[in-house]
Amino acid sequence: MADYFTEAEARELCELILAQSGADATQVTLSSGSEGFTRSAGNQITTSGEAHIAKATVTSIVAGRAGSVRWNDLSLAALQRAVARSEELARSAPEDPERMPLLGPQQYVENQAFFTATADLGATERADALLSVTEPAMAAGLVATGSIQRVARSEAVANSSGVFAYHDSTLAALTTTIRTADGAGSGWAGATHNDWLYMPAPSELANRAIEKAGSSQGADPVPPGIYKVVLEPTAVGNLVQPLQPALDARSADEGRSFFSRPGGGNMVGEQVVDERLSLVSDPSDPDLLTCPFTEDGFPVVRTVWIENGLLRNLARSRYWAQQRGREAIALGGGIKLTGGDATTADLISSVDRGLLVTRLSHIRAVDQRSFVYTGLTRDGTFLIENGQVVRPVSNLRFVENPLAMLNKIETIGTAVRVVAAESGGIGAAVVVPPLVVRDFHFTSVSEAV
Amino acid sequence: MRQTRREFIKNTSLAAAAASVSGRGELLASPSPVVGQSDAALKELCLLALDAARTAGATYADVRIVNVRDQLVTTRESRVTAVSDNEAFGVGVRALMRGVWGFAATRRVTREDCQRVATEAVAQAEASSRAVLRPVQLAAVDAYPDGVWRSPIRKEPFRVPLDEKIDLLLSANAAALGVRGARLVSSSISILRQQTTFASTEGSIIEQTVYRTVPEMTVTAMAADSSSVQSRSSAEVAPMGLGYEHVEQANLSERARQWAEEAVEKLSARPVEPGRFDLVLEPSNLLLTVRETIGHPTELDRVLGYEANYGGSSFLTPPEELIGKLQYGPEFMNVLGDRTQEGALATIGWDDEGVPADSWSIVKDGVLVDYQTTREQVGRISDLTGITRSHGCSHAQSWEWVQLQRMPNISLMPGEDDYVSDDLIAATDRGILIRGSGTYSIDQQRYAFRFGGQVAYEIRDGRLGGMVRDVAYEGNVLEFWNSMDMLGGPRSYFIGGTIGDVKGQPAQRSAASHGCPPARFHDCSVINTAQ
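This is a predicted model, so every value here is computed, not measured.

About the cut-offs
- Residues numbered from 1 in each chain as written.
- Chains lettered and ligands numbered in written order.
- Predicted model: local features only at pLDDT ≥ 70, side-chain atom pairs only at ≥ 80, totals over all residues.
- Heavy atoms only, no water.
- Helix = DSSP H or I, 4+ residues; strand = E, 2+ residues; numbered from the N terminus.
- Rg over C-alpha atoms; globule rule 2.2 N^0.38 Å.
- Buried < 20%, exposed > 50% of the residue type's maximum accessible area, 1.4 Å probe, protein only.
- Contact = heavy atoms within 4.5 Å.
- Areas by Shrake-Rupley, 256 points an atom, 1.4 Å probe, with all protein chains shown as cover.
- Pairing = 2+ DSSP bridges.
- Expected span 1.5 Å × (residues − 1).
- Phe/Tyr/Trp six-rings, centres within 6.5 Å; stacked < 30°, edge-to-face > 60°.
- Lys NZ or Arg CZ within 6 Å of the ring centre and 35° of its normal.
- Core = buried A, V, L, I, M, F, W, Y, C linked by side-chain atoms within 4.5 Å.
- pLDDT = per-residue confidence, 0-100.

1. Notes on the overall build of chain B
Part 1 of the reasoning: Counting its regular elements, chain B contains 12 helices and 23 strands.
Part 2 of the reasoning: What you see for chain B is a C-alpha radius of gyration of 26 Å, in line with the 24 Å of a compact globule of 531 residues.
Part 3 of the reasoning: Viewed in the frame of its principal axes, chain B has a C-alpha envelope of about 75 × 75 × 40 Å.
Part 4 of the reasoning: Taken over 531 residues, chain B has a buried fraction of 63%.
Part 5 of the reasoning: Taking the contacts inside chain B whose residues are at least 6 apart along the sequence as the reference set, 74% of them involve residues at least 24 apart.
Part 6 of the reasoning: Accessible area of chain B: about 19,300 Å², with a carbon and sulfur share of 49%.

Have a look at this one:
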């Protein structure tokens, strides 16, 4: 069922493309795969599909000038046209003073991110999974909407200086939103992993969403203001996901980032979050299993961004590393935030009065530099009193700085992989714990359910 | 003569590489079987796919062979940061079996592959057609066996030399950086041409070529001690379904200085004092509000719950209690759904299921009267609206995505009094004027919102005062639109738009334009986003 270039095929195709080049230097990236999906709504499957894709990108460098062409017709004639076009673009472009020479051969960490059970999730298997969600929802008098997505793919990079890197992987995501027929209650559950067999059973996800849908009915508003919150792992993932692109040394050094130090420089070495928390990226971590190289073939390795609350590293492009006389550090490898081992139930029982948040939506930066974000709670928000969930509450708009939030932690749970992307689909690898956060800012009530 | 390694590979290993890589049949198929071939060849491939789908048991099928070319030039200060030229070609087949959709797509557009994906699409539907509660039923549509449509471009953007585009951007950057305090500037030109051959088992064969042109820039000013950073984007320059003439008319170089000056002015602008104000919203700001508060909630798939798992549902439910009854805004408020407006992003000849472009009222004289529909949706509300044809809102991003209901151009029509912004300002005692779209967020039923802007100014006693910063307005949709008390006229009507609207699982992008005049809203809640 998997339909993507093997390592031998990718290598041959890359070499063939490089061989067509008349440029001073040439780089090729190649990605291919099969992307399958099944959707449901109104307690039935609505659409199922499979797309077989591949694309190549060639970057030609002529006298320090670069041009790139991406295309997907990999016939010999089209390949020759693409290479010639990239050289034509390069000759028209001005020299880029920040362009770095191509990398030479590199060493990459190995990981096993391809799982047959995921690759074999065909239309029948995906239908079985989604029907395991819709059937109990319908039996409970509820209305299920859901999605399952699966990809089996490979990525390769090669260049005329000897780089060749190849990685194949699978990834699956199942999410469901189950609502009461009158629209008064809504619950969500979802999971994602490279290995379908590692994910919770669809029926387990269904039960979570059914329970949320039922218990969220009849919500009344609470006044906006400052609350202690229990953020379930998905809500934490929603908020922490913007952290990864913010871990950039150049924007910090140039004064454009939350990590800029007043008066110049960056905050590496400073305490930025609660001292119990650490944040790492690691393509080999069995919870993350991401591609171990970047688009230009630079190795992605285990990187500690935050250790016991101290900012240890910021990503540096090769150019910026050269400017600063430091080592380059790649972004990538997913993110994993750890620091505790409590369960969500433990977290709830520790709160005298607060709110339980299932997930967040429409998260947007209010100000990139101050790293302030806004968005809304969704699909299950509840009042906690004396360690117990006592009633559903209307959804609320929050305004928070996710990093500042990580300085207001009371209790940290066990980190799990979550569907952090709001789209609920195949996305970045994000592993985060549930958290108890004090002084979380809610600014207004939303009547949306 | 001794060969280099490059020559060796180029000259002698082609056959070997072709043989193994194209176990998938690719490199041996040279030249590519279809790219550049005649329209007749594409139509024949479409018909082959449809025959295969019928043979496999489809009760309906459509096929799209799509060739997308796009080019992106990006700059930062005096640098060209990227030059890329991209082309994607492929075929997607959608098939209906037992009331469920199946879809399959491939980048290999050969006779065999077109037939194979057609069969696969039917198999996808068949595997999913268990426990069907509400089989898909399609509204009738005429057959268009020779449909042809093309965006109304005057200057083919791909024929404009790259160095001309680079010169335009770098000179605009230089103009911005000529303003004291402007420290960073980025700019880009993005162009796209999408050629689609569509055919359906109901007899339509339609060829369409859509263009999209997006010039844009952002200027960032920074205080001398780096304590404050403010940006101004080219919000008044819209992405459009036009050719390179749109880039030229955008006048980036001439306007860059003003945007840079405004970015610098924002550094010392007074933070807004939160409170209630009359708002005068320029079209460059209001267009996003139109999209989010009228466009999204009137998408019928949201209303029916089909997008509940991602994009969300809609506060405009159930339709039977709202159509013809809900007072969306004042009597002079009229909103059109439209796919015919020249140069607009969602303008097309036929949608992605062969329905001819339409223009229809969504809000008429202030009252909700209709939604956005596709062939399978319109039957759900036709008894309420009396309209049985689809409004033609089916769209897929490209060949590898299945069709969804997507937003057409949604526009707030100008008022009868031919006011311009100055008239609205002159009539306002205490207010705030906002220009350009800024950060925003809205709940998943598209009801409670907050919208920022690029620049904002106080209005005092009918005159524009000083700039204020960190401004956003918030509220709920019905209170907001019902607070509209002045509306600009045809002279001040402006078409803006967005190209990155995301919906569906798997998520796919679409583009739509939103026309509107300036409008005034009475007694709105204004917040300071920095507090």
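2. Here we look at the sheet that holds strand β11 (residues 359-364) of chain B
Residues and elements named next belong to chain B.
Part 1 of the reasoning: The 4 strands lie next to each other as β12-β11-β10-β15, forming an open sheet whose pairing is antiparallel. In the strand order of this sheet, the two ends are held by β12 (367-368) and β15 (409-412), each with one partner.
Part 2 of the reasoning: As paired strands, strand β10 (residues 335-338) and β11 are joined by 4 bridges and run antiparallel to one another. Looking at β11, one finds that G337 is bridged to W360.

3. What to know about helix α4 (residues 123-139) of chain A
Part 1 of the reasoning: Between its first and last C-alpha, α4 of chain A extends 24 Å over 17 residues, near the 24 Å set by a 1.5 Å rise per residue.
Part 2 of the reasoning: All buried positions along α4 of chain A are accounted for by A123, R126, A127, A129, L130, L131, V133, T134 and A137 of chain A.
Part 3 of the reasoning: Contacts made by the buried residues of α4 of chain A are with β1 (25-41), β2 (44-62), β4 (142-159), β5 (164-180) and α5 (202-215) of chain A together with α4 (111-127) of chain B.

4. Some details on the packing of aromatic side chains
Part 1 of the reasoning: Applying the stated rule across the entire model yields 22 aromatic pairs over all chains.
Part 2 of the reasoning: Relative to F114 of chain A, the ring of Y4 of chain A lies with its centre 5.7 Å away and its plane at 50 degrees, an arrangement referred to as tilted. Of this pair, Y4 of chain A sits in the segment before α1 (7-19) while F114 of chain A sits in the loop between α2 (76-92) and α3 (116-119), and the two are 110 residues apart along the sequence.
Part 3 of the reasoning: Judged by centre distance (5.3 Å) and plane angle (75 degrees), the rings of F371 of chain A and Y373 of chain A are edge-to-face.
Part 4 of the reasoning: The class of Y373 of chain A is buried, set by a relative accessible area of 9%.
Part 5 of the reasoning: Feature note: the residues Y440, F449, F451, Y473, F480, W481 and F521 of chain B constitute an aromatic cluster, connected by ring pairs.
Part 6 of the reasoning: Residue placement shows R364 of chain A over the ring face of Y440 of chain B; its charged tip is 5.5 Å from the ring centre.

5. Notes on the environment of V526 of chain B
Residues and elements named next belong to chain B.
Part 1 of the reasoning: Note on placement: V526 falls in strand β23 (residues 519-528).
Part 2 of the reasoning: Since its relative accessible area comes to 2%, V526 is described here as buried.
Part 3 of the reasoning: V526 sits 251 residues away from G275 along the chain, and the two C-alpha atoms are 5.4 Å apart.
Part 4 of the reasoning: Leave out the neighbours within four places in its chain, and V526 touches V272, P274, G275, F277, L279, I432, V471, A472 and Y473.

6. Observations regarding the nonpolar core
Part 1 of the reasoning: Among the nonpolar cores identified, the biggest contains 55 residues, and I17, L30, W71 and L74 of chain A together with M217, V219 and L252 of chain B are the most heavily contacted of them.
Part 2 of the reasoning: Each residue touching M217 of chain B, except ones within four places of it in the same chain, is listed here: A172, N173, A176, V185, S186, S187, R232, S233, S234, L252, A256 and W259 of chain B.
Part 3 of the reasoning: Y227, A235, A246 and L314 of chain A belong to the second-largest nonpolar core, a separate cluster that totals 54 residues.

7. Some thoughts on the pairing of strand β21 (residues 494-503) of chain B
All names here are of chain B.
Part 1 of the reasoning: In terms of strand pairing, β21 meets strand β22 (residues 508-516) through 8 bridges, oriented antiparallel. Bridge pairing links K503 to Q508 in β22.
Part 2 of the reasoning: What sits between β21 and β22 in their antiparallel hairpin is a turn of 4 residues, with G504 showing a positive phi close to 90 degrees.

8. Description of the confidence of the model for chain B
Detailed reading of the predicted coordinates is not advisable wherever pLDDT falls low.
Residues and elements named next belong to chain B.
Part 1 of the reasoning: Averaged over all residues, the pLDDT of chain B equals 93, while 93% of them reach at least 70.
Part 2 of the reasoning: Counted against residues more than four places away or in other chains, residues 27-34, with its pLDDT under 50, gives 26 contacts.
Part 3 of the reasoning: The complex model carries a pTM of 0.95, and its ipTM stands at 0.96.

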